[in-house]
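An overview of the molecular structure
Each chain, written out:
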Amino acid sequence: MSTSVSLIDTIKNSISKLLNIKRPWFGKAVRYTWILFLCAMLGLPLYVYTVSIDLFGLFGGMPSLAEVENPENDLSSELISADGVSLGRYFRYNRSQVRFDELSPDLVNTLVLSEDHRFYAHSGLDFPAYLRVAFGLLTLQPSGGGSTITQQLAKNLYTRNRDRGLDGLIAKLGRYPRRIVQKTKEWIIAVDLERTFTKEEIIALYLNTAEFSSNSYGIKVATETYFGKSPDSLNLQESALLVGMLQNPTFYNPVLHPDNALKKRNEVLNKIYRSKYVLTDREKYDSITAIDLGLKFKIQNQNEGLATYFRTVISAYLMQFCAERGIDLWNSGLKIYTTIDSRLQKYAEESMQEHMKYLQGEFIKQWEGKNPWVDDDRQEIPGFLRLRIKQSDAYKNLVARYGEKSDSVRIMLNLKKPMTIFSWNGERDTIFSSMDSLAYYKRFLQSGLMSMDPTTGHIKAWVGGFNYKYFKYDHVKQGTRQPGSTFKPFVYGLAMESGYSPCYVLEDISPSFQVSGTVWYPPNFDGTRGSGEKMTIRQAMARSVNSITAQMMKALGEENVVEYAHRVGIESKLDAVPSLCLGVSDVSLYEMVGAYSTFVNNGIHTRPFYITRIEDKNGNVIENFVPKTRQAINDQTAYKMIYMLMGATEESGGTSQGLSRELKIDNEIGGKTGTTNNASDGWYVGVTHDLVTGVWVGGDERAIHFPSWVFGQGTRTARPIWDKFMTKAYQDTATHIKKGKFRIPKSGLDISLDCAKLTHPDSVKIDETPWDINH
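Scope of this entry: the structure provided in the associated data block. For clarity, every value in this text was computed on a predicted model and none was experimentally measured. (Residues numbered from 1 in each chain as written. Predicted model: local features only at pLDDT ≥ 70, side-chain atom pairs only at ≥ 80, totals over all residues. Heavy atoms only, no water.)

**Let's talk about the pattern of salt bridges**
Considering all chains together, one arrives at 38 salt bridges under this definition. In this structure, Lys 640 engages Asp 750 in a salt bridge whose closest nitrogen and oxygen atoms are separated by 3.4 Å. With Lys 640 in helix α24 (residues 635-650) and Asp 750 in the segment after α28 (719-731), this pair connects stretches of sequence that are 110 residues apart. The exposure class of Lys 640 is buried, given its relative accessible area of 7%. (Salt bridge = Lys/Arg side-chain N within 4 Å of Asp/Glu carboxyl O. Helix = DSSP H or I, 4+ residues; strand = E, 2+ residues; numbered from the N terminus. Buried < 20%, exposed > 50% of the residue type's maximum accessible area, 1.4 Å probe, protein only.)

Following this line, the structure appears as structure tokens:
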């Protein structure tokens, strides 16, 4: 004690002499200050210990050592293409992780030099910085904060995001006690983090947990959002902008407050210049600070990016998959690897948009300002919009508010208000009522495209429509429509299986069917019962002659055709009626492409699939997926159908004759068009040795279509999209889609397919009796 008193007296006398102070109060002040300092030094460790154990519940719980070693964080689950491109994310907070080696050196050095230049020297707490802060407060000249990068990480992990440590009794006393406890916990956690992780891991963790405004959480999403690149590609000025945002993401948001962001970025660059890192001379510094922000800003959401329809459609499956395993899809950081090829997906979307923009212009021109919703007699359907508006959310909400019979419902539906609408020349602002909006959007033609590898079953491109933001309905799997003549290959496929040859000759004469007590003669596209011309059934399918398909249907039997179609891949319910041969039962594009792939894959049906594996955030495989396959038909039948489909490009009058010449050079192509009554639906399914692709085009409803069948047929609406897509696919060698020939059965063919060498009877009689499938 005497030593302590002696030390205090010595300090007091020294200060008195230095400042020439001889007043008695000064000695007491120095004495009491020293006592308080000693008490603080002795009490601080005790205080920290009581906080760490949450004494009497005063301070709130602390994370366990296991939680420190394995910090949890809301991570978006990412959908990844077969070629390694991010297709999109499922998230509550849009965040994805990166490793330290995925960060650019400029970003790492900018962060350390700007935010914590003694980062590599301290162990989580920077005491010189605390003294600087304290001196600044005492002199009323604040000189910045004293938190280290490790402390900021502690705050991100356990304080701000999870409100851990702020639920004690002291926190209820007010803002300042709460803040003191929070800071104490940051110190404790920071020390634990430094013991657990390397400096490099701490930097990666910090940047992964940081917020950058604009729904961007973590450095990976931030760089994608603001600069359209990955973190390893950030340059110095981009790094400075993002590091500057860390202090106040909203205030320094370069989109919302560009002036603030530019000023802050240059302040960070000034620190870099003063540290002599990279910016070693004034001229270089001046030039880089004069550069604009260089943004390529794009907020990530489900309406933007590649494969928007695909992402949404499979989310239902993913949620079920996760629910069965106790996983939260939206914050578990899953890596979902898909079969989609980003390049083919891009070409598919481009091809659809290019042709649909042109087609929509033709559609509007054909109707010449008239309403396109018409009945079978081409007459406008009375009250069409009044009926359709009742299916809308706007109508249902108004009825719930005012009552179904209230005039307010009608008034509000016709009340004009500002809105942004889709157009093929870009979004535009206008003044529309709900009725105006319905009438506007009902005039748009819709479309869908799906492409798959017939051998593996991998779906390579999925385009459910041309703009997901404004048209949410998926026309690949969600929507079903009449396939028209694209159903005919299933009739002919059964014929091949039953012993018919592609060279079998029939006359173009429509057979009769008894339907509901009346006689029905399936008409050809021109409305006639046939020309009487003799042709092979290959020629008939190539030209899409209805009468000959109907003859085959009558010979084979409706029930047998239904069974065959289901066997090769059609999953929808099919009506076993004579008109099925003309494609009257609704099916999806997903089913049609899968079924046609059976022909290309030597008779093996591989159900189209789109996910290869799912990993957790640490890269551990949760599940691998394999396609479901079965032998649907034999390889002989399959190849005969390929030969039949190639007739569309090889036979005179074939419906694929109009394909681009370049596509057909050194390449075998099969295809089938389809057009339903009144041209409500236009289809095209094209097959090559390594890709089967289907396209559908039509109105939002069957009553909406081109006024002329000629303009609405599949050769004009759907086939050009397939043509454009395949052209782009072949031009890009990186897609590995190549021209080539179809595989023939390993045992060779059991019949000759050279129809010119075969002898046919001069006339063929149509058998009006059902054909015995077992014969």
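**Here we look at the packing of helix α9 (residues 219-227) against helix α10 (residues 236-245)**
It is at 12 Å that the axes of α9 and α10 come closest, and there the two elements cross at 120 degrees. In terms of their interaxial angle, α9 and α10 are classed as oblique. As for the relative orientation of α9 and α10, their crossing is right-handed in sense. Within the contact between the two elements, α9 uses Ile 219, Ala 222, Thr 223, Tyr 226 and Phe 227 and α10 uses Glu 238, Leu 241, Leu 242 and Met 245. Its residues placed into classes, the contact of α9 with α10 shows seven nonpolar, one polar and one charged. (Axes fitted to C-alpha atoms, helices over the stretch in contact; angles between N-to-C directions. Parallel < 35°, antiparallel > 145°, perpendicular 65-115°, else oblique. Left-handed = near helix turned anticlockwise from the far one by under 90°. Contact = heavy atoms within 4.5 Å. Nonpolar A, V, L, I, M, F, W, Y, C, P; charged D, E, K, R; others polar.)

**Quick notes on the sheet that holds strand β1 (residues 77-80)**
Read from one edge to the other, the open sheet built from five strands follows the order β2-β1-β3-β13-β14, with strand pairing classed as mixed. On the outer flanks of this sheet lie β2 (86-90) and β14 (621-624), each paired with one strand and no other. Each neighbouring strand pair of the sheet contributes to a mean axis angle of 15 degrees, computed without reference to strand direction. Relative to strand β13 (residues 611-615), strand β3 (residues 335-338) runs antiparallel, the two sharing four bridges. (Pairing = 2+ DSSP bridges.)

**Brief notes about the packing of aromatic side chains**
A full pass over the atoms with the stated rule returns 37 aromatic pairs. Between the aromatic rings of Tyr 596 and Phe 599, the centroid separation amounts to 6.2 Å while the plane-to-plane angle is 65 degrees, which identifies the pairing as edge-to-face. With Tyr 596 and Phe 599 both in helix α23 (residues 589-600), this residue pair falls three residues apart, about one helical turn. For the pair Tyr 596 and Phe 599, a shared accessibility class is recorded, and that class is buried. Above the plane of the ring of Phe 119 lies Lys 199, whose end atom (NZ or CZ) is 4.4 Å from the centre. Of note, Arg 529 hangs over the ring of Tyr 521, and the distance from its end group to the ring centre comes to 3.8 Å. (Phe/Tyr/Trp six-rings, centres within 6.5 Å; stacked < 30°, edge-to-face > 60°. Lys NZ or Arg CZ within 6 Å of the ring centre and 35° of its normal.)

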